[in-house]
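Close look at the chain arrangement
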Amino acid sequence: IIPFYNESSYLQKSLNRILEVDIFDQVILSDDCSTDDSGKIAREFAKQYDYISYICSENNNGKGSALINSKQLISTSHVVIHDADLEYFPEDIIKMFEESNLNPNSLILGSRFIGSKERKNIYFRTFLANKLMSLFFSIVNFYYVSDVATCYKLMPTNFFQNINLKEKGFSIEIELLSKFLKFNRDIIEVPIKYEGRAYSEGKKIKTSDGFKYLFNTLKYKFFN
């Protein structure tokens, strides 16, 4: 699933990266009601490739909402999330896919904080915040996860489709991990590359989202 909002500057290149990897049976482009040319770009790809589909939200509600809208369209056994902002590299999904084949009931997480892959973090405060949020999540859940805010999560479709997801924004990252630990306490982390972009280039996550991550870590530990 590729959720996006106003990514016309990056979407085409991001989708070309996906096509180059060529391991996906289905690609769902979920437009969170973009106001630029993102929808036009996505529709063109959907016309060219049978396995690519395009959906659009009626309102701009956030990444979580775009993911939730995609749930019932999935026809594969597993699903992986890919952001359209060029911060992530689809070739890393190949290793995640291999781990998933060996561990089909696990959640495979692409971590930016383990291994020696090339990483370019634009903002030190974002790097530090992600480390602290991951530590907090690990302590609360008694389960170590090095990178809770990463986009790359590959999971069984039956889990993704059957849980009640509530978060409309970026906090869906925390909700997914929290609820997976109640489904199956087996998260396998794989090192991935990362090239963070600047806010001037369209980066959307905010400091307030970090506080929501912390709050929702507690919320979804004790409630559904």
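Data block above holds the structure.
Residues numbered from 1 in each chain as written. Predicted model: local features only at pLDDT ≥ 70, side-chain atom pairs only at ≥ 80, totals over all residues. Heavy atoms only, no water.

1. Details of helix 1 (residues 11–21)
The complete set of buried residues in helix 1 reads Leu11, Ser14, Leu15, Arg17, Ile18, Leu19 and Val21. Packing partners of the buried residues in helix 1 comprise strand 1 (2–4), strand 2 (27–31), helix 2 (38–48), strand 3 (52–56) and helix 4 (91–102). At the C-terminal side of helix 1, aspartate 22 shows a positive phi close to 55 degrees. (Buried < 20%, exposed > 50% of the residue type's maximum accessible area, 1.4 Å probe, protein only. Helix = DSSP H or I, 4+ residues; strand = E, 2+ residues; numbered from the N terminus. Contact = heavy atoms within 4.5 Å.)

2. Things to note about the sheet that holds strand 1
Consider a sheet: its strands pair through backbone hydrogen bonds, and that pairing is either parallel or antiparallel. Here we have 3 strands laid out as an open sheet, ordered 1-2-3, and parallel in their pairing. Each edge of the open sheet is held by one strand with a lone partner, namely strand 1 and strand 3. Across the sheet, the axes of successive neighbouring strands diverge by a mean angle of 15 degrees, strand direction being ignored. Where strand 2 meets strand 3, 5 bridges bridge the pair, whose relative direction is parallel. The partner of valine 27 across the bridge, within strand 3, is isoleucine 52. Against the sheet, helix 1 engages strand 1, strand 2 and strand 3, with an angle of about 175 degrees to strand 1. Strands in contact with helix 2 are strand 1, strand 2 and strand 3; relative to strand 3, the strand with the most contacts, it is inclined by about 150 degrees. (Pairing = 2+ DSSP bridges. Axes fitted to C-alpha atoms, helices over the stretch in contact; angles between N-to-C directions.)

3. Digging into the packing of helix 1 against helix 2
As a packed pair, helix 1 and helix 2 sit with axes 10 Å apart at the nearest point and diverge in direction by 25 degrees. Comparing their axes, helix 2 and helix 1 come out roughly parallel. Once helix 1 is placed against helix 2, the crossing between them reads as right-handed. Residue-level inspection shows Leu11, Gln12, Leu15, Asn16 and Leu19 of helix 1 in contact with helix 2, the latter providing Ser38, Ile41, Ala42 and Phe45. Residues that form the contact of helix 1 with helix 2 fall into these classes: 6 nonpolar, 3 polar and no charged. (Parallel < 35°, antiparallel > 145°, perpendicular 65-115°, else oblique. Left-handed = near helix turned anticlockwise from the far one by under 90°. Nonpolar A, V, L, I, M, F, W, Y, C, P; charged D, E, K, R; others polar.)

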